[in-house]
Amino acid sequence: MRGVLVLGIETSCDDTGVGLVADGRIVVNRVASQTLLHAEYGGVVPELASREHTQVLDRLVTAALDEAGAAAGDLDLIAATRGPGLVGPLLVGLGYAKGLAWSLGKPFLGVHHLEGHVHGALAGAPQLEPPFLVLVASGGHTHLYHVPRWGRYELLGATRDDAAGEAFDKVARLLGLGYPGGPEIERLAAEGDPQAVPFTVPMRGRQGYDFSFSGLKTAALRFKDEGYAPADIAASFQRVAVASLAGTLERAARDTGVRRVVVAGGVAANRALRTALTATDLEVHLPPPGLTSDNGAMIALAAAHRWSREGRPDPLTLSAEPYWPLGEAA
Ligand code: KG4
Ligand code: ZN
């Protein structure tokens, strides 16, 4: 007997993710990246993304079940990302999951993408309980929440302009690096001097817990024109971006008295950020490698958790929610 077997599908953007979770543990996590497909356009083309998800999703699910030695009929719960994200891509995964659930007569759950990231980050710490703070930093989001209990997300702060990952992507682009920019900046930063370029930490000294990253992109462009070396720009930009994220998190922890923090989303892969957070006296939980960026296992984990708490399926009429604040997910 294998216990509760959950299929999680993630198609909110340009990665097709399929994950299988049995009894709260990841069994399979397959991601088909579309990065190359969109590379020549300099960003994700929604229509192309939808078409590609449609083409690979069924094959990916079959391959995942094969890898787990399971049949579709063994699934106990089928989940997909409901939002936020690109509406076309969301509809592909959501429609597929509903159809499968309906044909198998199994329960279906629509999962909030950010709640998926949170549970992905907790994959290495399944015993962890609220209260905790969550920082989600990805290509589309920079949000800081207080989680007093499961399923409840109180927004403490968010970016006022670009997301943290978006800033890495944009600075990478203006330095002539590839996409996604985070890993590229990180690589180039290793060869540069983080103190060489006079970036200032955005929002420092302000009240509240909001972030702002678009000024760093403008500053990077100016420093490039002034002749600073790309490696020094990368290293110095990374220093202030990390200082902003880690500093705000530390301050929120101090003010709320909640010292347990979870960092999720693609930017959580950044080693400078991981090092800075580990150096604080916070209890920091970071996603295991492979679970920082979008994937299906995180959606399955979030669904399994909600299922164990509530045991109530979502209706098959559930709509996709391209704009969906996490605070309203509960
Ligand atoms: O969570 P994710 O895979 O997709 C979204 O939901 O956005 O995050 C992708 C973002 C990209 O902006 C990428 O540049 C950034 O995460 N990222 C990083 C690193 N790896 C990925 N940013 C900084 N350092 C990294 N090592
Ligand atoms: Zn994401």
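Because the structure is predicted, anything quoted here is derived from the model rather than measured. (Residues numbered from 1 in each chain as written. Chains lettered and ligands numbered in written order. Predicted model: local features only at pLDDT ≥ 70, side-chain atom pairs only at ≥ 80, totals over all residues. Heavy atoms only, no water.)

Moving on: the pairing of strand 2 (residues 15-22). Judged by how many residues are buried, strand 2 sits mostly within the fold: eight of eight residues are covered. Of the pairings in the sheet, the one linking strand 1 (residues 5-10) to strand 2 comprises six bridges and is antiparallel in character. Bridge pairing in strand 2 links G8 to G19. Between the end of strand 1 and the start of strand 2, which pair antiparallel, lie four residues. Summarising the sheet, strand 2 and strand 3 (residues 25-33) pair through eight bridges and their orientation is antiparallel. (Buried < 20%, exposed > 50% of the residue type's maximum accessible area, 1.4 Å probe, protein only. Helix = DSSP H or I, 4+ residues; strand = E, 2+ residues; numbered from the N terminus. Pairing = 2+ DSSP bridges.)

Spatially, 8-7-6-9-10 is the arrangement adopted by the five strands of the open sheet, whose pairing is mixed. Each of the sheet's edge strands pairs with one partner strand only, and the pair in question is strand 8 (154-158) and strand 10 (283-285). Mean inter-strand twist for the sheet, computed between neighbouring axes without regard to direction, equals 20°. The sheet contact formed by strand 7 (residues 142-147) and strand 8 spans four bridges and is antiparallel. Looking at the pairing, Y145 lines up with L155 of strand 8. Sitting on the sheet, helix 4 (residues 113-121) is in contact with strand 6 (132-137), strand 7 and strand 9 (260-264), with an inclination near 115° to strand 9. (Axes fitted to C-alpha atoms, helices over the stretch in contact; angles between N-to-C directions. Contact = heavy atoms within 4.5 Å.)

Attention shifts here to the coordination of the zinc ion (ligand 2). The protein atoms that coordinate the zinc ion (ligand 2) are H113 (NE2), H117 (NE2) and D294 (OD), at distances spanning 2.0 to 2.1 Å. Viewed at the metal, the four donor atoms of the zinc ion (ligand 2) are separated by angles of 92 to 149°, and the geometry they form is irregular. Taking the relative accessible area as the measure of exposure, H117 reaches 1% and is therefore buried. (Donors = N, O, S within 2.8 Å, 3.2 Å for Na, K, Ca; no water. Tetrahedral: all angles 85-135°; square planar, octahedral: opposite > 155°, others 65-115°.)

As a further point, take the site of ligand 1. Not every one of the 22 residues close to ligand 1 is listed here, only the nearest: G139, D169, G182, E186 and N270. When the free accessible area of ligand 1 is taken as 550 Å², the share hidden by the protein chains comes to 87%. For ligand 1, the cavity whose grid points lie within 2 Å of the majority of its atoms is the largest pocket. Secondary-structure elements contributing two or more residues to the shell around ligand 1 are helix 4, helix 5 (164-174) and helix 6 (181-189). Residue classes in the shell around ligand 1 are distributed as five nonpolar, 13 polar and four charged. Three or more residues apiece are contributed to the shell around ligand 1 by two domains, here domain 1 (5-119 + 291-328) and domain 2 (130-285). (Near = heavy atom within 4 Å. Areas by Shrake-Rupley, 256 points an atom, 1.4 Å probe, with all protein chains shown as cover. 1 Å grid on protein atoms, 1.4 Å probe; cavity = no way out; pocket = protein on both sides within 12 Å on 5 of 7 lines; lining within 4 Å. Sits in = over half its atoms within 2 Å of the grid points. Nonpolar A, V, L, I, M, F, W, Y, C, P; charged D, E, K, R; others polar. Domains from an automatic or database assignment.)

On to empty space enclosed by the protein, then. For the structure on display, the rule yields one cavity of 30 Å³ or more. Together, D14, T35, H38, A39, G42, G43, V44 and Y179 line the largest cavity. (Points joined across faces, edges and corners; volume = space filled by probe spheres on them.)

Okay, the UniProt feature "binding site: substrate" (unreviewed entry) in the protein next. UniProt feature "binding site: substrate" (unreviewed entry): in the numbering of this structure it lies at V136, A137, S138, G139, G140, D169, G182, E186 and N270. Taking the annotated residues in turn, S138, G139, G140, D169, G182, E186 and N270 line the largest pocket. On the secondary structure map, S138 appears in the loop between strand 6 and strand 7. You can call S138 buried: its relative accessible area is 8%. (UniProt positions renumbered as here; feature names shortened; annotations may be inferred.)

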